[in-house]
Structures are given as C-alpha cells and as structure tokens.
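Examination of the molecular architecture
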Amino acid sequence: MYFDTIIAGFGGQGVLFMGNLMAYAAMEAGRQVTFMPVYGVEMRGGTANCTVVISDRQVGSPIVHEPQAAVVMNNPSAEKFGPRVKKNGLLLVNSSLVDEQYVKARTKRILRVPSLELAQEIGNPRLANMILLGCLVELSGVVSVADMVKVLPSALDPRYHKMIPANQAALERGARFAKENRGKV
Amino acid sequence: MAKRVMVKGNEAVAMGAIAAGCRFYFGYPITPQNEIPEYMSAELPKLGGTFIQAESEVASINMVLGAAATGARVMTSSSSPGISLKQEGISYLCGSEIPAVIVNMSRSGPGLGGIHPSQGDYFQATRGGGHGDYRTLVLAPSTAQENYDLTMLAFDLADKYRNPVMVLGDALLGQIKEPVELKPYRKKPPAKPWALTGCAGRPSQLLKSLYLADGLLTEHNWKLFKKYQKMRQEVRHELYRADDAEVILVAFGSVARILRTSVDILRDKGKKVGLLRPITVYPFPDEAVRAAAQAAGRLMVLELNTGQMVEDVRLAVEGKAPVDFYGCPPGTIPTPEDLAREVEKLWRKGGGR
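Here we summarise the structure given alongside this text. (Residues numbered from 1 in each chain as written. Chains lettered and ligands numbered in written order. Predicted model: local features only at pLDDT ≥ 70, side-chain atom pairs only at ≥ 80, totals over all residues.)

1. Observations concerning the interface of chain A and chain B
Size of an interface, as often reported, equals the accessible area lost when the parts are brought together. At the interface, 14 residues of chain A touch 16 residues of chain B. Broken down by secondary-structure element, the contributors of at least two residues to the side of chain A that touches chain B are helix 1 (15-28) and strand 2 (32-38) of chain A. Grouping the amino acids of the side of chain A that touches chain B by side-chain chemistry returns 10 nonpolar, 4 polar and no charged. (Contact = placed C-beta atoms within 7 Å. Helix = DSSP H or I, 4+ residues; strand = E, 2+ residues; numbered from the N terminus. Nonpolar A, V, L, I, M, F, W, Y, C, P; charged D, E, K, R; others polar.)

2. A closer look at the sheet that holds strand 12 (residues 280-282) of chain B
Two strands in a sheet stick together by hydrogen bonds in their backbones, pointing the same way (parallel) or opposite ways (antiparallel). Residue and element names in this part refer to chain B. Strand order in the open sheet formed by 7 strands is 3-2-4-5-7-6-12, and the pairing between neighbours is mixed. If you trace the sheet from one side to the other, it starts and ends with strand 3 (50-53) and strand 12, each paired once. In this sheet, neighbouring strand axes are inclined to one another by 20° on average, regardless of whether the strands run parallel or antiparallel. Pairing of strand 5 (residues 100-106) with strand 7 (residues 164-170), which is carried by 7 bridges, proceeds in the parallel orientation. Bridging from a neighbouring strand, Val103 pairs with Val167 of strand 7. Across the sheet, helix 1 (residues 9-19) is in contact with strand 4 (74-78), strand 5 and strand 7; its angle to strand 5 comes to roughly 175°. (Pairing = 2+ DSSP bridges. Axes fitted to C-alpha atoms, helices over the stretch in contact; angles between N-to-C directions.)

3. Comments concerning the nonpolar core
Cys135 of chain A together with Val101, Leu139, Ile248, Leu249, Leu299 and Val301 of chain B are the most contacted members of the largest nonpolar core, which has 173 residues in total. A per-element tally of this core places helix 1 of chain A first, with 10 residues. In this structure, this core is formed jointly by two domains, domain 1 (4-233) and domain 2 (238-349) of chain B, each of which donates at least three residues. (Core = buried A, V, L, I, M, F, W, Y, C linked by C-beta atoms within 7 Å. Buried ≥ 20, exposed ≤ 12 C-beta atoms within 10 Å, placed from the backbone. Domains from an automatic or database assignment.)

4. Some thoughts on the sheet that holds strand 10 (residues 247-250) of chain B
All names here are of chain B. Ordered by their spatial adjacency, 5 strands build an open sheet running 9-11-10-13-14, and the pairing between neighbours is mixed. In this open sheet, the two edge strands, each paired with only one partner strand, are strand 9 (237-240) and strand 14 (323-327). The average undirected angle you get between the axes of adjacent strands in this sheet is 20°. With 4 bridges connecting them, strand 9 and strand 11 (residues 273-278) associate as antiparallel partners. Among the inter-strand pairings, His237 is bridged to a residue of strand 11, identified as Pro278. Running over the sheet, helix 12 (residues 309-317) touches strand 10, strand 13 (299-303) and strand 14 and is turned about 160° from strand 13.

Okay, here's the thing in structure tokens:
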C-alpha cells in the first residue's frame, strides 16, 4: 500500500493541520507516514503546502513531485499543483475560492467542492478545510473518517478541544459530499 | 513495542536527548532547528534540568564546556552559521577531552545563505571545523526515528571516548513529522572519575587544553590520535537493495532517503541499482564502501552540495572502481524522479570520474 498527496492553499486556511491530521490517523492505523511542510520566508496570506506520504513500508522520499492526489484551496495552488497530479490521480478543488480558469490538470478525476458553503451549512465557515479533508479521505480510502475523528484530540491543541464535535461534523459532511459525487470522479 | 508518537524531526532529537539523561541545554536560536530549544525549554525545568538561551553561540558552547566538565550530559544545537561560531569551543572540548553532544540541523550557505536543506557542512563536520588536529564523531540520521535513536547513541559515544559527538541533520530532517517509537534508554551512563566535582577528600584535578612544557603537547596529541583510531570501530552504514546491484549509490542523511525511492523507481525499470548509506560520516565506512565498489564495480555519489563526501568515497575506493558524482546546491530539493534521471544519465555516460 502506498499513497501520497499534496495539500496547498493560503497560510491560515488550515492546510498544514489537514496534513497533520491525516498523518496522525495513518499512524494510528498502524501505517508508516511522513508529513513534510513547505515553509519558507512566508508572509501572512502567502502560500503554504504540505506533502503526506502513507505506506506500509518505510517511507523513502518525503518529497513528491507528481502526487496521486492533491487538494488545492486557492488560485496559485490550483495553478501550481493541479497539472502535477498523476494522470489517473485525484484533484480536489476548493470551488468556493478557486476560479475555473486556474483549474488545469492531466487527470480527468476532478471534484469541485464548495467547501465554504458546506461549512456554513454546518455552522462554521472556518471549517472549510475539514470539509475538503473529509472528501479526500472518503475518495482515497487510505484512512477512514472514523480514524481521523479518533486522533482529533491528539492532533489538536487542548485549547481547541471544544471544537472537536464541529471538526467531526465537517469531516463527515465532506465525506458525505464525496459519496454523493463519487460518480463524477 | 514502545509508544509511537507523531513528532517533528527536531522534537525527536530533543526527546532522544532527554531520554538519554541530558539535563543541560545551552543554545541560541536559529532556523531551522528552533523546535529543539523550544522543546528543551519546556521540558528540562520539569525534570530539574537547566535550559539557557545564551547571549550568543560562542557563549552557549562555552556553557556546554563548563557544565560537561562537571560530568553532566550536556547538549547544544544550532544550524550552519551558528555551528561555525561554536567551532572554537568544539576544538577546546576535544583538546580538554570533555564529552558533549552538538546538533547541526544544517541549512544552506556560505555565509547566511538561506534556510533550505543543504549538506554543505560535511567537510566542516567531518574534518573538524575548528583549529588543531582533532576529530569529532559525526552521526548522520535520515529519519525522525534515527534523530531520536542517534541522539541517544551520541551521548553514549561522547562519554565512551570523552569527545564531542556531532549529530548532522539538515532542514528537511528537522521539519518533517513522522511517527517515532520512544524506545526507553536502559544503559547506565559510565562513571566519570575525571569530572570536576569538588576535590574534598581527593586530590584536585584539572581539565585543560593548554600544554606548554617540553614534549607534553606532542604526547597529548598522540594520545588523542590513538583515541581517534579507536573510534573507527564505531563505523555504521546501511545497505538497500544492493545485493545484485551493478551500480551502488552512496549518499547520507536526507538525500539518502529520497534516493531510496529513486532506487525503487530504477529497480521497477529493471536497472540493478542499490544504495549504501553511511550512518557515521566520521568515522567513514571505508571498508563497506570498498566492498560495495568491488561487488558492483561502480559507485555514484549524490549529495546536496557540489561535492564533499565524494572525496571520502574516492579515498576509500583507492581508484579501483569508477566513482561518479551528482550534486545539488541548495535552493530546491530534488525529487526522487530527478535523481533517478541523473543516475541514468551518469550510467549512460559510463566510465566514471
């Protein structure tokens, strides 16, 4: 078993937390996993991305150029990472923020997720990242939403533990959206 | 199995140090290793230990010398430019035979350079970047787990040889997050009869690196030399898919783990290629490299610099097999596909050198 993904967006959209949570869940599921944040001399509103590699063998490279799946949360990320997704890979586009002109890819498996609207539906627009993560988990099948929910307490700073039910709801809403639209990808 | 936790590479270093009984940390902040002092500053006071953010790197390495002289397990960490500043102190630690652990999560240079991963400090680490005829043991991890394990080992080796030991990682190994098994430390640290603990009831003793009287310094240097010879038994390396290889790649640290994937890519294409990863870069695994050259007939060295470890590989091989080189100066991290392509290019060229 081997899976890799790049998650990208603006700093502040929760990109690194998405990767972190997926990595924690993979570890709890007994897999080998590496989480690699791309950091730099970034400013607020700059771009952030992370790569997660999950395997049942020791992970070699934490660097991935052409991922099996990508989540792009803003225009620059869509432009940069969309075309790099493998030919039969999965591209999840945050259609609440990404303009269609920036969606370019070799793969036909593209799902546009109105993450903001779905997050508003469950009462917290700031959980758009968890909506997308729910979609990614549902469609990739490497870890389950239940695995993710289980590790929320260890991945989240105790200050935010009161947000666990809301995060769970967003993950589940995202997964439901993915299920309903599975036919498209 | 011990508990597995998801931690940053830098945190794994700090956890390994604390597990091995390190209770004193002195440092000065610099990216990309700040999670080490951050972790130590939070945890050491709870254990009755001491964390000091010194006024400079020079001050911190001298605090290391002072605390370690009393027999305590002591660590400092920094990144390239900061390690340069510590060199005088490292030379004094070697001269005075005081054990300590120094972590270099190296970044790019020369000068202030940048915060990208780089292996440009290989020469400095393995040759001893300070003055005088000395050596430090240098351990080169390539996973967060090894950051933990080798930091523990570094304390044992430092005490065993009464010598500073360096853990040489880079920005990539400091920033990745991986599960780490928190293996308990079960050894009993050795007694340190040489330590300066107050001389009530015993003759006073001295730790120093100044030897002015006739012949003493010569004697002292020969004594150190014999110790460095003995350190050769600590040599460690790892082979990956090298059994039937026609070309063996040689790489350490972060680039070695990227190459693990390149090896898989090339093997899938039917190319018989393997990987030799030095885990100690001083002492260098000469014999393993020589054996690999003999078995495969050809070596290729890949580094995140323009050619440093390749010199040690060529010294080990003694001209008996071609040794090719591909180097990536800092700025971008090569992907496994990039490196696989470069290996194929060198392969097609043939010959080596």
